[in-house]
Structures are given as C-alpha cells and as structure tokens.
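# Survey of secondary and tertiary structure
Next come the chains, spelled out residue by residue.
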Amino acid sequence: MTTAPNPGVQNQMVPLPIGTQVRLQNGSVKTILEHRYSGAANVLQYLVDKQKADWQSAKFCTVVQPEVTAPVSVPQPPQQTQPLPDGRLVAPATRHAIATDADHPNPDDQRIHRTPGGLRAAQLDGRTRLFGANPANHPQILNLTTVTDRTFTSQARLTLGDYQHDDNGLHVNVLVEGVLDQVAVPHDLIEVVLTKPLVIPGKPTEDTQLETMLVLTPPVNENRIQFDAFYTWAQLARMLGLPTSEVDLRHTVCTAFPQLGVEARWYDRLASGANGVLHTSGGNKLKDGSGQITMRPITQDDRKRSEVVRNTDWNLSEVLRASRPVYVAYQDLLQPGKEMATTLEAESEFLVDSAQYQQVLGRLSELLSTPSLWSELGITDLKCDDLDIESGKVKPRVSKDSYFDTPGLPLLTRGVVLRRREVKKDAAGVYLFAVKGRMVSLDGNGKERIRLASQVHLIDPPQQSRLEHFLADNSVDNAFARVLNDALPGFDPSGVAIQLVVNSKRVKYTFTLANSTTVEFSADEATAAFNGNSAMLHCIEFGVGHPGLFIGQGSGAQGSGAQASAAPVQQQPAGGTPLIMRPYHVPADLDNPALFEKRDYRQYQALRESLLAYLFGTPEPKLELAGNKAQRLAHILGMTKEK
C-alpha cells in the first residue's frame, strides 16, 4: 500500500481509477468516485469537498487497493454513429449545425471556416512553431474516452476532474459534458484550450489562450468525454514566454503564473458559413464550470492586488475548495463543494395589476407557440422553464422566500435583500442564501439599473452565532459579507433572523438572442402576511441571463472566433505584476458606466422594449417600476414606514 496525498508530500503522479478505496486516519474507508491523480493535496481536496470527510482525518490516508500503473496513450475514437441501447438515434435540433470538412474540401478554406480539420491544422501549426515538427516533443493527450450519458441535462460544461504537478510537469484530467439531444449536426465540434489569466490592456480576453489541447468531434450518441493532458515544465515555459534555461523551471512557471485554465468552446455554423463559438465553459473565469488550475497557493495578498482591475462579467463564481480562506474560516457554516457566486444583476421590474398579469401570461403562451413571430422581436429561440411536457401546460413554480433582518428592519427599509429561497423541487439540505445590495442607475433612469449581489450555500440549519460572524466579516475573500456591507456600511448582524416570508407563484421564460445572449423573463404573484394582515403584488421582471458571445476576428493563438463583449475583464497593471483571476466581484466593479454599454446589455434593452410593446399592445406602456418586492410588501403591511 502507498500513502495517499497529504499536504507537503509529493508522490508519483499516477491515476487512481474510479473505485479505488482509501483509508482515512480515523479508520473509515472512502471510495474514489471520480478520476483522481495521486499527488499532494489532490485526493485530500476531493475527500473534503465531495465526500465531506474531516480535513484532519483525511490529511493522512492510505490506498487500500494495489498500486496502479502509469497512464497509457490511446488514440481518439473515429467518428461514428451508434444507436442507443433502446435503439434510438439522437435527432439533433436542425437549427444547430457545424460546417464540416466535407463542406470545405480545400485545406485553406477549412482554416478560414474553422472546420474540425481547420482547427486541428491550426493546432498542429502552433505546436510545430513552439515545439518542433516531432510530435513526440508535443504535449501529450492520454486516456481519451467517450461514453453515452443520458442523465446529463445541464448546460454543456467543462470541469477538471483533477490536476496536479510534480517535478516532471503538469497533469490535468478534463471532463467535457453536453446534452445528448442537443448535439450539433452531424456531431459536436468542441475545442479545448489551455489559457492563462493575464490580459494585455486593450486586447480581447481571447489573448489569454496558450494552445489548443484537443479538437473533439465525438460520436453524436457519446456526450461525456474525458481525457488526460500532460505538459512538461519546458513546454509550459515556452508557451508562456519564459526563459527555458532556468535551473528550476517548475518554480519559474509557478511564480510567474499562479493560475492557468482549461476552457471548452462549442462551435456552431454562422450565417457566413464559418464555424464560430456558440458557448464556452471553464477557463480562468470559471464560466459555467470549473476550469481553473492553481499553480501555487493563492494568498489573500494576491486577491487584494487583483482588485485594482475592474471586472465587467455579469457572473463570477467558484466552488468553495478546502483551501479557500473563506471556507477554512467557515467550514462549519458553508457547504463544501458548492459555489460562492457574485453577480452584476441587470434587471428591470414593473408592477402590473391582476388583469395585466393574466394578459401577460396569455400573450407569452401565444408567443411560445408561434415561432413565426420570434424574428420580429429579435428572438432566435424561446422556451418556458415551467412548461409541463406531458400536459403542454404552463405550471407556475412555487417558492418561499424568507427575508432576514435585524430588529428595526434596516435592510427591509432600505431595500437590501438578505434571503433564503426555497423551491418545492429542492433536495433535502439545500439552503440557498442570497444578498442583493447596492444599485446604480443610468442617468437617474430607474429602468436602467444594475446591482451587486452574491449567493452561497449554507449548512442547514446554520448556527446563529456563526451566521452573525460570517455576515460581519468584511475580509478580502468573504465576497458575500462585502456585498452586504457595501449596501449598508456598518450593518450590525446581531440578532439577524427571518422577519418576512413571501410566497410566490412564478412563470419563467428564457429568450435567446443573437450571439447566444439570453434574457430571463419572469411573471410573479407574490403574497405576504404580518399581524393578521396580508398583501399581494403582481410584477414582471427582465434580467440578463447568459452573456453574449460576439463573433469576430479572434486574436487568440489558434483563432477561436470569439471576442469580448466589452473591455477586457482583467488586465495587467502597470509594471506587469502578474494577477490572478479573482472569482468574485468587488463593490468597485459596480461603479462602471461601461456596464451599460456592453453589447449584450443593449440587446437586453432592445428585447425589453419590444417585448413590453408586444405584451401590452402599445409602445412604451405606462408601468410603475416595482423596485424591491419584499420592501414594498413590508411597507404595505405596516412593517416599515419608508418605501
């Protein structure tokens, strides 16, 4: 038996297959259910985050199965179409397709149109320039497998099953998943790239690309792809523009670049006939997945220094790993393996009466069933998140929102949200806790406003004293408390408790626009009670859901075809000091007029205006801005004296 990973100990980098068992220091045995490598802290991280093992007991564990052998390289399986076990062949949506090599037989055309062959040729060119013509000197792709997984129904994503580095180089296990019935015709085209977090001022974010790891064209019935990648320190140094003559290349690379990333890009055929990026996941920004590689421990000073750069992304999040300071401080309060997220929320909310509410529901149902109307509103796709497939009817989701405040109700009075949301379909133990803080508006126009918010998953039930301490902790890594303190400086959470419960019936629609921008629309009927009195509100709300991917001349090493939708998300400060990609917004990110100029925000504005005209039959209908539902209900019920 061998000693499994523990802090400060480096072991031979070999894979621990699914099913491997490890014995913790307290004698309990855990089974590895995901691909893991041996090496410092890797299995430890997995045991704490995914299997909720005690950190101290997991620090020293032993493998109770025989030693495993080193990875063996396997070729990518050929493109093929096989029936599922029930005999069904996947029938992809005809609106989603890629330009194939057969569509553009000329190799130069394949590069221009970014077909699978064109992307692979570009990858080979890049590797040949960096590492020479001998493929043996190129980065290695190992253990590639593709399988069918009909249980995966989330948005397509990339996650790192594992990563670790030793004296030889960087080992990464990559998992790419997509929805089986939504693959492109005739098959998905996915580019997996290695990225760095730094962005040169004035350049699009795609300049962070280092190289294309792999171009995937999996069989249409195989939507779960997993592989290993290996980079030597010399290869990484060359890609990063660092001197390769240093004696300790590992130290050189990890010092200069504290983070790297792996990003997946799903391609789609554009109107021009070329393939362009439809959706991305992973990377240093952790977009819709977990793709960040930590090359050395990230310190609080690293996080603080990164705050000199404004971040214009709508959503930022990161799984709370055992090494993150906020989790170390509050692991008795925060759920392991869950995300802490921050959001710049673009939202427009309007009050409607009961008759208008029913009119809105009827018009939306009509629009959903009349795709011929979509193009007039600039819509490329529309779905109702609450449509019952069997009956074909819309069934509103029922939620319970518990609003927290302290005696005197300073939060409800000022419209600051501190809320637990419960939905009927929630699994046991779900405790989603959110704060919605300060808001900025454009030229005093209440319709154009963006606010800073955060959410986290708590252990149910949270300990009162620990919750109060967490909400008062304004340290660097506690993004949640910083949002709260920014909204109400000096807020004292002593005695914080549920003060108002709002029950809602909500119907939600998702509008997809050009460049994959999505806008979420919801119609709510909200009720609350206090001291024997009850109140009801009807409102409709617009919000940016998924930010757009704007296709243009990509400037990345391999020409991804995607450009940033605004100014660079992160940039290198004067003097070239390396920055990390911080996984949260800071209050200063909100004070940025450029947010209102982002192209996906303008799309959101245009859809809001055209949809309001459609719903109410008149341009610019006279609707009252709703503000904060809980704040309004509390005022109506006599709980607060200010609106």
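Here the structure is a predicted model, which means the values were calculated and not measured.

Attention shifts here to the overall build of the protein. Across its full length, the protein carries 14 helices and 27 strands. Taking all 643 residues of the protein together, 55% fall into the buried category. Within the protein, contacts between residues separated by at least 24 positions form 71% of all contacts whose residues are at least 6 apart in sequence. Summing over all exposed atoms, the protein offers an accessible surface of approximately 26,900 Å²; the carbon and sulfur share of this is 51%.

With that settled, consider the environment of Leu-458. One can find Leu-458 in the loop between strand S21 (445–457) and helix H11 (464–472). Along the primary structure Leu-458 and Phe-433 are separated by 25 residues, whereas in three dimensions their C-alpha atoms are 6.8 Å apart. Residue contacts for Leu-458: discarding those within four places in its chain leaves Leu-333, Leu-334, Gln-335, Gly-429, Tyr-431, Phe-433 and Leu-467.

Averaged over the protein, the pLDDT score is 83; the fraction of residues at 70 or greater is 82%. Mean pLDDT in the protein bottoms out at strand S26 (residues 562–563), which sits at 34, and peaks at H11, which reaches 98. Here residues 1–12 scores under 50 on pLDDT; set against residues more than four positions off or in separate chains, the count is 38 contacts. The low-confidence segment residues 66–77, where pLDDT is below 50, has 25 contacts with residues more than four positions distant or belonging to other chains.

Let us now look at helix H4 (residues 116–131). Under the 1.5 Å per step criterion, the end-to-end length of H4 is 22 Å for 16 residues, consistent within 8% with the ideal 22 Å. Along H4, the residues classified as buried are Pro-116, Gly-117, Gly-118, Leu-119, Ala-122, Gln-123, Gly-126, Arg-127 and Phe-131. On its buried face, H4 is in contact with helix H3 (107–113), strand S9 (190–195), strand S10 (209–216), strand S11 (224–232), helix H5 (233–239) and strand S12 (259–269). Of the residues one or two after H4, Gly-132 is the one with positive phi, at around 95 degrees.

This next bit is on the sheet that holds strand S5 (residues 62–63). One open sheet holds the 3 strands; their spatial order is S3-S2-S5, and the pairing between them is antiparallel. Each having just a single partner strand, strand S3 (29–31) and S5 make up the two edges of the open sheet. Where strand S2 (residues 21–23) lies against S3, 3 bridges are found, and the strand directions are antiparallel. The residue bridging Arg-23 from the neighbouring strand is Val-29, located in S3.

Next up on the list: helix H12 (residues 479–487). Counted residue by residue, H12 has 7 buried out of 9 residues, so it is predominantly covered. Turning to H12, its buried residues are Ala-479, Phe-480, Ala-481, Arg-482, Val-483, Leu-484 and Asp-486.

Bringing the packing of helix H9 (residues 354–368) against helix H13 (residues 599–616) into the picture now. Running from amino to carboxyl end, H9 crosses H13 at an angle of 110 degrees, the nearest separation of the two axes being 9 Å. With respect to H13, the axis of H9 lies roughly perpendicular. Mapping the contact onto sequence places Gln-356, Gln-359, Val-360, Arg-363, Leu-364, Glu-366 and Leu-367 in H9 and Leu-611, Tyr-614, Leu-615 and Phe-616 in H13. Of the residues in the contact of H9 with H13, the class split is 7 nonpolar, 2 polar and 2 charged.

Let us now look at the pairing of S12. Across the 11 residues that make up S12, a large majority, 10, are buried. Relative to S12, S9 runs antiparallel, the two sharing 6 bridges. By the bridge assignment, Ile-190 is partnered in S12 with Trp-266. Two elements, S12 and strand S14 (residues 292–294), share 3 bridges in a ladder whose sense is antiparallel. The residue bridging Leu-260 from the neighbouring strand is Ile-293, located in S14. Inspection of the sheet shows S12 paired to strand S13 (residues 275–282) by 7 bridges, in the antiparallel sense. What sits directly across from Arg-269, in S13, is Asn-275. Counted along the chain from S12 to the antiparallel partner S13, the turn is 5 residues long, and its residue Gly-273 has a positive phi close to 100 degrees.

About the thresholds
Residues numbered from 1 in each chain as written. Predicted model: local features only at pLDDT ≥ 70, side-chain atom pairs only at ≥ 80, totals over all residues. Heavy atoms only, no water. Helix = DSSP H or I, 4+ residues; strand = E, 2+ residues; numbered from the N terminus. Buried < 20%, exposed > 50% of the residue type's maximum accessible area, 1.4 Å probe, protein only. Contact = heavy atoms within 4.5 Å. Areas by Shrake-Rupley, 256 points an atom, 1.4 Å probe, with all protein chains shown as cover. pLDDT = per-residue confidence, 0-100. Expected span 1.5 Å × (residues − 1). Pairing = 2+ DSSP bridges. Axes fitted to C-alpha atoms, helices over the stretch in contact; angles between N-to-C directions. Parallel < 35°, antiparallel > 145°, perpendicular 65-115°, else oblique. Nonpolar A, V, L, I, M, F, W, Y, C, P; charged D, E, K, R; others polar.

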